[in-house]
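# Reading the structure
What follows is each chain in one-letter form.
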Amino acid sequence: MRRQDRMVTDIDEIKGILNSTRIIHLGMMDGDYPYVVPLHFGYEFTDEVLHIYVHGHYEGKKFDLIQENPHVFVEIDGSDEALVSGGDMPCKYSSVYSSVMGRGEATDLESIDEKAHGLQVLMKHQTSREFTFTEAMINSVGVVQIKVVDYTAKRRRQFEQDTIMPPLTK
C-alpha cells in the first residue's frame, strides 16, 4: 500500500468499515476481462480469517464464473465517503473514505448446514436480526463463501480544516 499513513490494521476498525455498509463488489474473471457485480453480503472472522458470504440464484453468470475460476477479488466501500473541496485548486480536491479490498477463494456451498450458516451470517449483517430458514428456502438459492486470503483496509478521515462538498443531486 502506497499510503501507509492511511492503512487500517486495527481489527475493530476494519469491522467498523465492514459494518458501515451492506454492499460488496465481487470481481471475477470472465475470459480475458474482469466481471464485477455488486452484492449484499455478510461476514465473519473465523480464527482471524475473514469469510464473506453472498447469495443469489444458483443458476447464473457469477456461479458459472466461480466454478470456472474460484479466485476472486472483493472491494467494500465504507459509508463515510464525502468530497473534500480544494477550492480553486483542482489538484487539492480529495475525499473522505474507507475501504476493504482483498483477494479470496470462493466456494459454492452445497450442504444445507453450510448454506444455512452463510445465509444466517448474511441476514444478520444486513438486518441485525436472526432468521429461521426452511430447507426449501435454503435449496432455492446458491450461497458462496469467500475465504479472503489477503486484504488491506484504508481510510482517509475528515479533518477540521476540510470543507465537505454537498452530495451529487440529479
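Everything discussed here concerns the structure shown above.
The structure reproduced in this document is the subject of the present report.

Reading guide: rules and limits
- Sequence positions are assigned chain by chain, starting from 1 and proceeding in written order.
- Predicted model: local features are reported for residues with pLDDT of at least 70 only, side-chain atom pairs are reported and counted for 80 or more only, and whole-chain, interface and lining totals are derived from all residues.
- Excluded from the side-chain calculation are hydrogens and water; included are all heavy atoms of the structure.
- What counts as a helix is a DSSP run of H or I of at least four residues, what counts as a strand is a run of E of at least two, and both are numbered from the N terminus.
- Note on classification: 1.4 Å probe, protein chains only; a residue is buried when its accessible area is under 20% of the maximum for its type, exposed when over 50%, partly exposed between these limits.
- Throughout, a residue-residue contact means that at least one pair of heavy atoms, one from each residue, lies within 4.5 Å.
- Areas reported as accessible are Shrake-Rupley estimates using a 1.4 Å probe. Residue values count occlusion only from the protein chains shown.
- Charge assignment: positive for Lys and Arg, negative for Asp and Glu; neither His nor the chain ends contribute.
- Charged side chains are reduced to one point each, which is NZ for Lys, CZ for Arg, CG for Asp and CD for Glu.
- By nonpolar core we mean a set of buried residues, namely Ala, Val, Leu, Ile, Met, Phe, Trp, Tyr and Cys, connected to one another through side-chain atoms within 4.5 Å.
- Strands pair, by our definition, only if DSSP identifies at least two bridges between them.
- The arc in question is traced by the directions running from the helix axis to the C-beta atoms.
- A pair is scored as a salt bridge if a Lys or Arg side-chain nitrogen falls within 4 Å of a carboxyl oxygen belonging to Asp or Glu.
- Two N or O atoms form a polar contact when they lie within 3.5 Å of each other; inside protein one atom must be a possible hydrogen donor and the other a possible acceptor, and for residues adjacent in sequence the pair counts only when both atoms belong to side chains.

## A few points about the overall build of the chain
- Along the chain, the regular secondary structure elements total 4 helices and 9 strands.
- Counting from the amino terminus, the chain carries its helices and strands in the arrangement β-α-β-β-β-β-α-β-β-β-α-α-β.
- Seen through its principal axes, the chain has C-alpha atoms that stretch 60 × 40 × 40 Å.
- In the chain, which comprises 170 residues, the share counted as buried stands at 36%.
- Taking the contacts inside the chain whose residues are at least 6 apart along the sequence as the reference set, 70% of them involve residues at least 24 apart.
- Summed over its atoms, the accessible surface of the chain is roughly 10600 Å², and 50% of this surface lies on carbon and sulfur atoms.
- Across the chain, 18 positive and 27 negative side-chain charges occur, with their mean positions spaced 7 Å apart.

## Observations regarding the nonpolar core
- Counting 26 residues, the largest nonpolar core has Ile-24, Leu-26, Ile-52 and Ile-146 as its most contacted members.
- When residues of this core are traced back to their parent elements, those giving at least two are helix H1 (11-19), strand S2 (23-30), strand S3 (33-40), strand S5 (49-56), helix H2 (61-68), strand S6 (71-77), strand S8 (94-108) and strand S9 (142-156).
- Among the elements that take part in this core, S9 stands out by supplying 4 residues, more than any other.
- Not counting the four nearest positions on each side in its chain, Ile-52 is found in contact with Ile-24, Phe-41, Gly-42, Tyr-43, Val-74, Ile-76, Val-144, Gln-145, Ile-146 and Val-148.

## Things to note about the pairing of S2
- Across 8 bridges, S2 lies against S3 in antiparallel orientation. Counterpart to Ile-23 in the pairing with S3 is His-40.
- Joining the antiparallel neighbours S2 and S3 is a turn of 2 residues, in which Gly-31 adopts a positive phi near 70 degrees.
- Alignment of S2 against S6, held across 3 bridges, turns out to be antiparallel. Bridge pairing in S6 places His-25 opposite Glu-75.

## Side note on H2
- Turning to H2, its buried residues are Lys-62, Phe-63, Leu-65 and Ile-66. One face of H2 carries all of its buried residues, which in axial projection span an arc of 160 degrees. Residues of H2 that are exposed and angled more than 90 degrees away from the buried face: Gln-67 and Glu-68.
- Buried residues along H2 sit against S2, S3, S5, S6, S8 and S9.

## Digging into the pattern of salt bridges
- This structure, assessed with the given rule, holds 4 salt bridges.
- Among the salt bridges present, the one from Glu-13 reaches Arg-155, with a minimum N-O distance of 2.9 Å. Separated by 142 residues along the polypeptide, Glu-13 in helix H1 and Arg-155 in strand S9 bring together distant segments of the chain.

## Thoughts on unusual backbone geometry
- One non-glycine residue, Glu-48, lies in the positive phi region at around 65 degrees.
- Residue position: Glu-48 is located in the loop between strand S4 (42-46) and S5.
- Given a relative accessible area of 74%, Glu-48 falls into the exposed group.
- At Ser-128, a position not held by glycine, the phi torsion is positive, near 65 degrees.
- Looking at the element boundaries, Ser-128 is found in the loop between helix H3 (112-127) and helix H4 (135-139).
- Under the relative-accessibility criterion, Ser-128 is labelled exposed at 59%.

## Side note on the environment of Leu-18
- Mapping Leu-18 onto the fold places it in helix H1.
- Spatially, the C-alpha atoms of Leu-18 and Glu-130 are 18 Å apart, while their sequence positions differ by 112 residues.
- Sequence-distant contacts of Leu-18, defined by excluding residues within four places in its chain, comprise Phe-41, Tyr-43, Phe-45, Leu-50, Ile-76, Val-100 and His-125.

## Quick word on H1
- Of all the positions in H1, only Ile-14, Ile-17 and Leu-18 are classed as buried. Within H1, the buried residues cover an arc of 100 degrees as seen down the axis, which keeps them to one side.
- Sitting at the amino-terminal end of H1 is Asp-10, which places a side-chain oxygen 3.2 Å from the backbone nitrogen of Asp-12.

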